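The lines below spell out each chain.
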Amino acid sequence: MAFAASICNTLHILPSNALPRATKHKKKISPSPFSALSLLSHSPRFRTGFVSHWGRKEPAFGNVSSSVKAVLLDESKEKVRLPKGDVWSIHKFGGTCVGTSERIKNVAEIIINDASEAKLVVVSAMSKVTDMMYDLIYKARSRDDSYVAAIDAVFEKHRLTAKDLLDGDDLASFLSRLYHDVNNLKAMLRAIYIAGHATESFSDFVVGHGELWSAQMLSYVVGKSELDCKWMDTREVLIVNPSSSNQVDPDFLQSEKRLEEWFSRNPCKIIVATGFIASTPQNIPTTLKRDGSDFSATIMGALLRAQQVTIWTDVDGVYSADPRKVSEAVILRTLSYQEAWEMSYFGANVLHPRTIIPVMQYDIPIKIRNIFNLSSPGTIICRGTVTENEDGQKLDSPVKGFATIDNVALVNVEGTGLAGVPGTASAIFSAVKDAGANAIMISQASSEHSVCFAVPEKEVEAVAEALQSRFHQALDAGRLSQIAIIPNCSILATVGQKMASTPGVSATLFNALAKANINVRAIAQGCSEYNVTVVVKREDCTRALRAVHSRFYLSQTTIAMGIIGPGLIGGTLIDQLRDQAGVLKKDFNIDLRVMGIIGSRRMLLNEVGIDLSRWRELMEENGEVADMEKFTHHVHGNHFIPNTVLVDCTADSNVASCYHDWLRRGIHVITPNKKANSGPLDQYLKLRALQRESYTHYFYEATVGAGLPIISTLRGLLETGDKILQIEGIFSGTLSYIFNNFISAQSFSEVVAQAKQAGYTEPDPRDDLSGTDVARKVIILARESGLKLELSDIPVQSLVPEPLRASASAEEFMEQLPQFDQDMAKERQEAEDSGDVLRYVGVVDVVRHEGRVELRRYKKDHPFAQLSGSDNIIAFTTTRYKEQPLIVRGPGAGAQVTAGGIFSDILQLASYLGAPS
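Residues numbered from 1 in each chain as written. Predicted model: local features only at pLDDT ≥ 70, side-chain atom pairs only at ≥ 80, totals over all residues. Heavy atoms only, no water.

J.: Quick one: what's the story with the pattern of salt bridges, residue by residue and with numbers?
T.: Counted by the stated rule, this structure contains 45 salt bridges. One salt bridge in this structure joins Glu621 and Arg614, with 3.8 Å as the shortest N-O distance. Accessibility expressed as a relative area gives 32% for Arg614, which makes it partly exposed. (Salt bridge = Lys/Arg side-chain N within 4 Å of Asp/Glu carboxyl O. Buried < 20%, exposed > 50% of the residue type's maximum accessible area, 1.4 Å probe, protein only.)

J.: I'd love a proper account of the sheet that holds strand S34 (residues 886-891), names of residues and values included.
T.: The five strands are arranged S32-S31-S30-S33-S34 in an open sheet whose pairing can be described as antiparallel. Edge positions in the sheet fall to strand S32 (850-859) and S34, since each has one partner strand and no second. The mean angle between the axes of side-by-side strands here comes to 20°, regardless of whether they run parallel or antiparallel. Of the strand pairs in this sheet, strand S33 (residues 871-878) and S34 are connected by six bridges, and their pairing is antiparallel. In the strand pairing of S34, Ile874 is matched with Val888. Running over the sheet, helix H31 (residues 821-833) touches strand S31 (836-845) and S32 and is turned about 95° from S31. (Pairing = 2+ DSSP bridges. Helix = DSSP H or I, 4+ residues; strand = E, 2+ residues; numbered from the N terminus. Axes fitted to C-alpha atoms, helices over the stretch in contact; angles between N-to-C directions. Contact = heavy atoms within 4.5 Å.)

J.: Can you tell me about the sheet that holds strand S11 (residues 308-313), naming the residues and giving the values?
T.: Whenever strands of a sheet pair, they do so through backbone hydrogen bonds, lying parallel or antiparallel. Taken in spatial order, the eight strands line up as S5-S8-S4-S3-S11-S15-S16-S14 in an open sheet, and their pairing is mixed. Edge strands, defined here as strands with exactly one partner in the open sheet, are strand S5 (229-232) and strand S14 (334-336). Taking the axes of each pair of neighbouring strands and ignoring which way they run, one obtains an average angle of 20° across the sheet. Summarising the sheet, S11 and strand S15 (residues 366-370) pair through five bridges and their orientation is parallel. Directly across from Val309, in S15, lies its bridge partner Ile366. In the packing of helix H12 (residues 337-345) onto the sheet, the strands contacted are S14 and strand S16 (379-382), and the crossing angle to S14 comes to about 85°.

J.: For the packing of helix H8 (residues 200-207) against helix H9 (residues 209-223), give the residues involved together with the corresponding values.
T.: Packing of H8 against H9 brings their axes to within 4 Å, and their N-to-C directions diverge by 25°. Considering their axes alone, H8 and H9 lie roughly parallel with respect to each other. Contacts from Phe205, Val206 and Val207 of H8 reach H9 at His209, Gly210 and Glu211. Tallied by class, residues from the contact of H8 with H9 come to three nonpolar, two polar and one charged. (Parallel < 35°, antiparallel > 145°, perpendicular 65-115°, else oblique. Nonpolar A, V, L, I, M, F, W, Y, C, P; charged D, E, K, R; others polar.)

J.: Give a detailed account of helix H19 (residues 568-588), specifying residues and quantitative values.
T.: An α-helix turns once every 3.6 residues. As a result, residues three or four positions apart point the same way. At Gln580, H19 shows its strongest bend, of approximately 50°. Every buried residue belonging to H19 is among Gly570, Gly571, Thr572, Leu573, Ile574, Asp575, Gln576, Leu577 and Leu584, and all of these are buried. In this structure, the buried side of H19 is in contact with strand S23 (557-564), strand S24 (590-598), helix H20 (615-622), strand S27 (643-648) and helix H32 (895-912). Where H19 ends, the next residue or the one after it, Asn589, has phi of about 60°, a positive value. (Bend = angle between axes of the 7 residues up to and from the residue.)

J.: So what about the nonpolar core? Which residues, and what values?
T.: Counting 69 residues, the largest nonpolar core has Tyr659, Ile727, Ile738, Phe739, Leu769 and Leu781 as its most contacted members. Per element, the largest residue contribution to this core is seven residues, and it comes from helix H29 (residues 772-784). Sequence-distant contacts of Ile738, that is, excluding residues within four places in its chain, are made with Phe748, Val751, Val752, Ala755 and Leu769. Residues Ile104, Met133, Val182 and Phe202 belong to the second largest nonpolar core, which totals 56 residues. (Core = buried A, V, L, I, M, F, W, Y, C linked by side-chain atoms within 4.5 Å.)

This is the structure we're talking about:
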């Protein structure tokens, strides 16, 4: 009895003289039938009745409200009939929407401006209030005295908000109710404090007050406009049956009956109802659990057969993917019920799946709107949909959007003893249930050799222990080989109602993941095909999400680029990228972001992409010491961009030696650098094997012929079944210029000097005249044709006189070169006497399995004799083009054309990665 007495003493925490005077109230405030007293009275310890601060004895099992008494006194009056159907529109406003007095005014304005004949508005507690109420319970249960100060803070928050919104009788009426409620709450919390325990019913009673207060304040604000508005305590109307610790099932028949009774007592055009809270069939206060206010709104919509339920929130609608991970995610104008269901299950910020259930039966659409951006039309969730993007354009993509769940672990139960044994799956998931865990995704091979499922990572240890205990005999006997745990995983779900009727969706999905170098650990797909679910490494999740989102044309094909060697060719390429960036984004949906530029001494890095209009200036201002490993990690380590390419514009063999490692790490490589493909044969073969084994791309068109399509033409011939017999060509733009101008009375040394002055030669012309560069191109083409040759296998006729090969400098070489003009003049004269011209060529003889580089004579009507300037020309002799070789001719040297060839490879990579062609 001492315990009961101590509880009773708590009921006078607020003395009656602390209550505001309410003599001018239009109506007397009656204690709610869901008071703390009525709730406490359900306990056997509290059935003697209580004396409330209103000075009268309350019944042991709660109070009868004044509105109920009025009906009992006048049963002869005809009940007001509750209209149903399209006359009603439902609005739900979350805590953020009513977080301040100013926002409550905005909500009231939206309600007033709605032209619907009847409106029901569901409101949550003010922002953070529900968390504050849960914190009150935690502190009281922990016997932390600060709960008193905490509830005072809650009281003060609402008192100040009310003073800002209301005045006169409305303010006095609300504050009277607020004092009354806080008094009851202090009594309840005192009881919890003494007992050191709170039942679920006690907790639900306490946390539901935030909705009561926000609903009353909003109803008063709307009422200021002389509109017929009343507020509803939904605990008097909504009846739910607990189905689990985190779920309740609405009793629609009882709730509809109570709603009709409530409306007959309170007929009005606008109802402001509390979200989140309800009652059990025994009239015990409860809540609708997670996302309860949304659930309240759709239940009310179903009960009233409303025309629409509008969920007001702080986002513009439902995104095609998490915009924090995919910056190009778009607002979806429409979603089907099933699509919204699937996306919300997998963590998308849509609605809780159960929220959709009540309205589906009556085909009531749900609209998601942003209260802070009224110009945005939002997202409509309904039965049938037409896919549109945020610009109103119809999309043909069968996929609507993507969602992810992080922090999951895979559990794999494997063994031959699983196959064909009835009840095995039941035993597995019974153990999971006993561990208190939830299987998010399940995958089983048809052979029944293994069962794989995903659970939240925090639950995996308990699941593993439960499975080990349940199957220890099978493990000992060898019927089960292992129960394996794979931690650090994420789930990626691809959702779309049209997937069921569109062939190739899964192929496109997995192709996109493969091209982004993402390994899939498990797959699940229901027969409805509304979603395809895959499990990937957690570290790959964002990259995987961006890759698939990009592939289905819901965002740009974005590639993170690193430029190595910003010299003449590299600098020209960067300038070309700068000039074309806008066109590529607008017309081709390609976003090329240069994340880093590195030279031999300095490098420039940027997290979101370098401003290419100022890259030279930024390199000077913000450049740092060059570090290739740091550079590579920076460009590739950006998980927000799924695809990475490094473009090597150097002629450095050290950089070329990194290609294999880059490709192995999933980094694409594009280069005009000939060192890798003409280097040691074994390294070349390893490089090509790695390229074929993965979806990582290695493009090197510009290694032969600058911007001319030499490599691609050769591959096209081979891939279509043609057989290469011989490739012959003038592969050096420098030597093409020299021999095109080595005519008349000009000496060889004079022509070389002219070429050097015009910028056609390397700083040291011997690099061109030696023929080594042509030999590298010959070996590249020979290997592409299937010949396994080393560079040393190619005989090269050098045009550098033997005595000058050891000259100390280029200047010394140029000074002494005229001494040897007579030898070249003799060669020219002999050719002219025979009606020929001299051309420096490279030859790949596939039939003889050999290659060579040499000075040859050609008749003046031969295609090789018709060149001008620095043009290259290549002739492919094949079984199809035997009588008349296939000729490719054009500029084969110069920074612009070489950079253009590299750029073409970049765009080819973008096409492979999903950009429209």
